[in-house]
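Reading the structure
Residues per chain, in single letters:
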Amino acid sequence: MGGDLTTDEFDALEQIVAGPRQGRPSACVARNTKRLTGLKYIAYAKDGSLALTDKGKQTLFVKACIEGLRAIANDSQAVLKSDVATFLGKKGHIVATEAGGGFDITQKGRECLADIDSNRK
């Protein structure tokens, strides 16, 4: 998923999605541009700005799904982005609660989190 990326590099990807605040990249983005470009997570657009590649977009989406799954595991009323909730629901990792407004993590979701945690070490 991009397990080779540091927290700082993930922050840089998220800042690129948000766009530059003052017309130029932040220090975090500038610090990580060379590595992220080399790994094909970002690329320069024709106007010279930085943009996420499909690989970069996919990596951020997978990260959001993992964070969403962790959030549901800790709190069934956690709020998920609609695309993340849809994806996790279609994959059978979460189900809507009967009371509504929340989600429960399935056994498959728990196994997925356990697998992710075992691979992190």
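Everything numeric here is computed off the predicted structure, so don't read it as measured data. (Residues numbered from 1 in each chain as written. Predicted model: local features only at pLDDT ≥ 70, side-chain atom pairs only at ≥ 80, totals over all residues. Heavy atoms only, no water.)

Some points on the packing of aromatic side chains
Basically, it comes down to this: Each aromatic pair joins two rings of Phe, Tyr and Trp (for Trp, the six-membered one) with centres within 6.5 Å, and gets the label stacked for planes under 30 degrees apart, edge-to-face for over 60, and tilted for any other angle. Each helix corresponds to a stretch of at least 4 residues labelled H or I by DSSP, and each strand to a stretch of at least 2 residues labelled E; elements are numbered beginning at the N terminus. We call a charge positioned over a ring when the NZ of a Lys or the CZ of an Arg lies within 6 Å of the ring centre and within 35 degrees of the ring normal.
As enumerated under the stated definition, the model contains one aromatic pair in all. When the centroid spacing of 5.4 Å and the interplanar angle of 75 degrees are considered together, the rings of phenylalanine 61 and phenylalanine 87 count as edge-to-face. On the criterion of sequence distance, the pair formed by phenylalanine 61 in helix H3 (residues 54-74) and phenylalanine 87 in helix H4 (residues 82-90) is long-range, its members being 26 residues apart. Positioned above the aromatic ring of tyrosine 41 is the side chain of lysine 55, whose terminal nitrogen or guanidinium carbon lies 4.7 Å from the ring centre. The side chain of lysine 63 reaches across the aromatic face of phenylalanine 10, ending 5.2 Å from its centre.

What about the nonpolar core?
Counted only if it meets this: Only buried Ala, Val, Leu, Ile, Met, Phe, Trp, Tyr and Cys residues count toward a nonpolar core, and they belong to the same one when joined by side-chain atoms within 4.5 Å. Under the scheme applied here, a residue whose accessible area is under 20% of the maximum for its type counts as buried, over 50% as exposed, and between as partly exposed, the area being computed with a 1.4 Å probe on protein chains only. Any two residues whose heavy atoms approach within 4.5 Å at even a single point are treated as in contact.
Core analysis: the biggest nonpolar cluster contains 13 residues, and Leu5, Leu13, Ile16, Leu36, Ile42 and Leu52 have the highest contact counts within it. Within the residue set of this core, elements represented by two or more residues are helix H1 (7-18), helix H2 (27-38) and strand S2 (50-52). Here this core takes four residues from H1, the largest share from any one element. Not counting residues within four places of it along the chain, the set of residues in contact with leucine 36 comprises Leu5, Glu9, Ala12, Leu13, Tyr41 and Ile42.

Brief notes about the side chain of histidine 93
Examined against the element boundaries, histidine 93 turns out to sit in the loop between H4 and strand S3 (94-96). Once you skip the residues sitting within four places of it in the chain, histidine 93 turns out to touch Leu69, Leu88, Asp104, Ile105, Thr106, Lys108, Gly109 and Cys112.

Details of H2
Threshold: Note that the arc is computed from the directions linking the helix axis to the C-beta atoms.
Buried within H2 are the following residues: Cys28, Val29, Asn32, Thr33 and Leu36. Axial view of H2: buried residues confined to an arc of 155 degrees, hence all on one face. Of the exposed residues in H2, those oriented more than 90 degrees away from the buried face are Ala27, Ala30, Arg31, Lys34 and Gly38. Packing partners of the buried residues in H2 comprise H1, strand S1 (42-44) and S2.

Some points on the pattern of salt bridges
What counts is decided by this rule: Salt bridges are defined as contacts in which a side-chain nitrogen from Lys or Arg sits within 4 Å of a carboxyl oxygen from Asp or Glu.
Enumeration according to the criterion identifies five salt bridges in this entry. Glutamate 14 is the salt-bridge partner of lysine 63, the closest N and O atoms lying 3.2 Å from each other. Here lysine 63, found in helix H3, pairs with glutamate 14, found in helix H1; they are 49 residues apart in sequence, far enough to count as distant. Lysine 63 gets classed as buried once you look at its relative accessible area, which sits at 16%. With a shortest N-O distance of 2.9 Å, arginine 70 and aspartate 117 are connected by a salt bridge.

Considerations on the packing of H3 against helix H5 (residues 107-120)
Threshold: Between the N-to-C directions of two axes lies an angle of 0 to 180 degrees, each axis being a line fitted to C-alpha atoms and, for a helix, fitted only over the stretch in contact. Note on terminology: angles under 35 degrees are roughly parallel, angles over 145 are roughly antiparallel, angles of 65 to 115 are roughly perpendicular, and the others are oblique. Here is the rule for handedness: rotate from the far helix to the near one, and if that takes an anticlockwise turn smaller than a right angle the crossing is left-handed, while a clockwise turn gives right-handed. Polar here means any residue outside two lists: the nonpolar Ala, Val, Leu, Ile, Met, Phe, Trp, Tyr, Cys and Pro, and the charged Asp, Glu, Lys and Arg; Gly therefore counts as polar.
Where H3 contacts H5, the axes come no closer than 11 Å and their chain directions differ by 120 degrees. The angle between H3 and H5 places the two elements in the oblique class. The handedness of the crossing between H3 and H5 is left-handed. Judged by residue contacts, Ile66, Leu69, Arg70 and Ala73 of H3 engage Gly109, Cys112, Leu113, Ile116, Asp117 and Arg120 from H5. Along the lines of polarity and charge, the residues of the contact of H3 with H5 split into six nonpolar, one polar and three charged.

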